[in-house]
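# A look at the structure
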Amino acid sequence: QVQLVESGGGLVPTGGSLRLSCTASAHTFSNYAMGWVRQAPGKEREFVAAITKSGGGISYADFEKGRFTISRDNSKNTVYLQMNSLIPEDTAVYYCTADRSFDTLRLNGGPPEYWGQGTQVTVSS
């Protein structure tokens, strides 16, 4: 069982930045690809970004347009999502995900093995 705990959400103005963190309980953190998805009110969950087990491969959603950066530190069992140039449309609950398959995360075709509880990101206009 892997527990994922997100932090770093909050309220920022348009154009602001936030860095989300997700720390995993697993001693085998490096066995999992990690990712982020988000869900805005009244909308479906959508893929944001994913990173391979080693960090050597990354995938982003098209909407990010270079504004977001995913990274991981396997020595700290933590994955990060740096979000810059935030806009109101980025307002959502952001969830950390973990799966042994990077493709499962980047293709968003099925539920990942593990989810976090989510952290709220609100961008004011």
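In case you missed it, the structure is sitting above this.
Residues numbered from 1 in each chain as written. Predicted model: local features only at pLDDT ≥ 70, side-chain atom pairs only at ≥ 80, totals over all residues. Heavy atoms only, no water.

### Regarding the sheet that holds strand S1 (residues 4-7)
Heads up, the condition is: DSSP bridges decide pairing: two strands pair if at least two such bridges lie between them. Helix and strand assignments follow DSSP, with helices taken as H or I runs no shorter than four residues and strands as E runs no shorter than two, numbered in order from the N terminus. To get an axis, fit a line to the C-alpha atoms, keeping to the stretch in contact for a helix; angles then go from 0 to 180 degrees between the N-to-C directions.
Ordered in space as S1-S3-S8-S7, the 4 strands form an open sheet in which the pairing is antiparallel. The sheet is open, and its two borders are formed by S1 and strand S7 (68-73), each paired with just one other strand. Across the sheet, the mean angle separating the axes of adjacent strands is 15 degrees when strand polarity is ignored. Judged from the 4 bridges that link them, S1 and strand S3 (residues 18-24) form a sheet pairing that is antiparallel. Looking at S3, one finds that Leu 4 is bridged to Ala 24.

### Considerations on the nonpolar core
This is how the line gets drawn: Working definition of a nonpolar core: buried Ala, Val, Leu, Ile, Met, Phe, Trp, Tyr and Cys residues. They are joined through side-chain atoms within 4.5 Å. Relative accessibility thresholds used throughout: buried, under 20% of the residue-type maximum; exposed, over 50%; partly exposed, between the two (1.4 Å probe, protein chains only). Whether two residues are in contact is decided by their heavy atoms: any pair within 4.5 Å suffices.
Ranked by internal contacts, the top residues of the largest apolar core, which has 29 residues, are Leu 4, Met 34, Trp 36, Val 79, Leu 81, Met 83 and Tyr 94. Setting aside residues no more than four positions away along its own chain, Leu 4 makes contact with Cys 22, Thr 23, Ala 24, Met 34, Cys 96, Thr 97, Ala 98, Tyr 114, Trp 115, Gly 116 and Gln 117. Formed by 6 residues, the second largest nonpolar core is a distinct cluster that contains Ala 33, Ala 50, Ala 61 and Leu 105.

### Side note on unusual backbone geometry
Even without glycine at this site, Lys 65 takes up a positive phi of about 50 degrees. Counting through the fold element by element, Lys 65 comes out in the loop between strand S6 (58-60) and S7. A residue is classified by how much of its surface remains accessible, and Lys 65, at 75% relative accessible area, is exposed. Although it is not a glycine, Ser 85 adopts a positive phi angle of roughly 50 degrees. Structurally, Ser 85 is set in the loop between strand S8 (78-83) and strand S9 (92-99). Assessed through its relative accessible area of 41%, Ser 85 is described here as partly exposed.

### Some remarks on the side chain of Asn 77
Its location among the elements puts Asn 77 in the loop between S7 and S8. Apart from the residues within four sequence positions on either side, Asn 77 is in contact with Cys 22, Thr 23, Ala 24, Ser 25, Ala 26, His 27 and Phe 29.

### Overview of the environment of Met 34
Structurally, Met 34 can be placed in strand S4 (residues 33-39). Here Met 34 falls in the buried class, since its relative accessible area comes to 1%. In this structure, the C-alpha to C-alpha distance between Met 34 and Ser 71, residues 37 residues apart in sequence, is 9.2 Å.

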